[in-house]
Amino acid sequence: MKPSMQQTGRLLALVIATCSLAVHARAQTNKSIPVRQVSGPVTSRETFTERPDVRGIPGGHALVHDQRNKRLLVFDSTLATFTISADSVSTGGNLFPKTTYFYPLIAYAGDSSLLIDSEASAFLVVDGAGRIVHPMAHPIGRDLRNASYGYVGHPAGDQQGRLYYTATSPPQPAPKDGAPPSTATRDTGSIVRVDFNRRVLDTVAQFSIARGDPPMIFGVNANGKPTGITTINPMHGAPDEWAVLADGTLAIVREYDYHVDWVSPDGEKRSTPKLPFDWRRITDDEKRARIDSVQRIIDSVTTATGQPMFRTIRGVAGDDGRTRYDTIIPTVKYVPLSQMPDYFPPIRNGAVRADADNNLWILPTTSSQAGAGLLYDVVDKKGELFERVRLPANSVLAGFGKGGVVFLLNRDPDAKTWELQRTRVVR
């Protein structure tokens, strides 16, 4: 197995996640956008070892998908008590689905949700009370995994029971031996919608995504030994991001200029103007620092494993028809500084969420108003950035309930656990 692309992806995700949110002010429009805080949250006594998925359901309750511990829980509005809807021993009358991967809780039609049962190769429909009511097959079985957790966007359903998700992208072709890599930096992906009643799949919109590092280039040196070169860009561009609002409207946040394209449930398309953003130039020193950070990670992996990070084994057919396997330790190169972005992109992967009141929550990469907690841009269906909401320090956004309810997860660094919190935006 060739490890370079997988390891590079994890490497770049780790480095990009270290990007600071605080920068110098540039946009005067920030003065007219209020910054809101959240009210004092109520906190659950129950803690979680991994971040669960959370969704508000009728009665002010919270549906919590604790996949690490194989539990589906329903908390009351105070988060003081909960009932077990499903677990590994069927305590609540439902058996927690057997899953090979970590899948999210998917918002579906009305107050219902979807879970994935890998063993049954089906969705499980969860009603508004948090009960698993029936399975539902995907018309295209091979799309089940991709329909539940795509690289870009948050899969979700609309009020007609149709499910939106990112289509599988074709693999990036490897260049022939000795050929230069492609210079393309972006690819195009598709957002598709499956209609379970009609059993059909259609393409709704497209988005742009940055290409990863090119495949390793193989060659032969003067002594006839196989060689390889892997090239790393430690500052890839960001993808477009998308989410589905509560009424089924698809919102796509464009990375290149920070505007939103909208697709209504009936297919009508429109665009709204660019949103205010504190563009920040990336200096050459920052680019070099990012290269140094990546190199330190590569060195640490090599030291920890005792093997070069991009070591690979390649089979080549000989003249006699037999396959000869060679171990290749490639030369690691970095793209020139001129090929790295000149500005931080407005958004990053996973930065866009839809609340239960038809608003879009976007976590920008930079903001002159950033403080101790994450600061979200909140955009309404008219495409207007009408407020910013700052979360408490050490808290992350977990989900939403109707009527302005926000669910947070607060990290306890000593216990290494997460606490569930329920709060509202103070207006």
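Details of the structure are given in the entry above.
Peer 1: Could you give an account of the sheet that holds strand S2 (residues 42-48), with specific residues and numbers?
Peer 2: The strand order S2-S31-S30-S29 describes an open sheet built from 4 strands, whose pairing is antiparallel. Looking at the sheet topology across the chains shown, the edges are occupied by S2 and strand S29 (395-401). The average undirected angle you get between the axes of adjacent strands in this sheet is 25°. In this structure, strand S30 (residues 405-412) lies alongside strand S31 (residues 417-424), joined through 8 bridges in antiparallel fashion.

Peer 1: Residues and numbers for the packing of aromatic side chains, please.
Peer 2: Counted under the stated rule, the structure contains 8 aromatic pairs. Relative to Phe 196, the ring of Tyr 108 has its centre 6.3 Å away and its plane inclined at 80°; by these criteria the two rings are edge-to-face. Of this pair, Tyr 108 sits in the loop between strand S8 (106-107) and strand S9 (113-117) while Phe 196 sits in the loop between strand S14 (186-195) and strand S15 (200-210), placing them 88 residues apart in sequence. Just as Tyr 108 is buried, Phe 196 falls in that class too. Here the aromatic rings of Trp 361 and Tyr 376 are separated by 5.8 Å at their centres, their planes lie at 55°, and the arrangement is tilted. In this pair, Trp 361 is assigned in strand S26 (residues 360-362) and Tyr 376 in strand S27 (residues 375-379), connecting sequence segments 15 residues apart. Residue classification places Trp 361 among the buried residues on the basis of a relative accessible area of 2%. Residue classification places Tyr 376 among the buried positions, given a relative accessible area of 7%.

Peer 1: Lay out the pairing of strand S19 (residues 250-253) in plain terms, naming residues and giving numbers.
Peer 2: Going residue by residue along S19, you find Leu 250 and Ile 252 tucked away on one face and Ala 251 and Val 253 tucked away on the opposite face as well. Inspection of the sheet shows strand S18 (residues 241-244) paired to S19 by 4 bridges, in the antiparallel sense. From the neighbouring strand, Trp 242 faces S19, where its bridge partner is Ile 252. Remark: 5 residues form the turn of the hairpin made by S18 and S19, two consecutive strands paired antiparallel; Gly 248 in that turn has positive phi of roughly 95°.

Conventions adopted
Residues numbered from 1 in each chain as written. Predicted model: local features only at pLDDT ≥ 70, side-chain atom pairs only at ≥ 80, totals over all residues. Heavy atoms only, no water. Pairing = 2+ DSSP bridges. Helix = DSSP H or I, 4+ residues; strand = E, 2+ residues; numbered from the N terminus. Axes fitted to C-alpha atoms, helices over the stretch in contact; angles between N-to-C directions. Phe/Tyr/Trp six-rings, centres within 6.5 Å; stacked < 30°, edge-to-face > 60°. Buried < 20%, exposed > 50% of the residue type's maximum accessible area, 1.4 Å probe, protein only.

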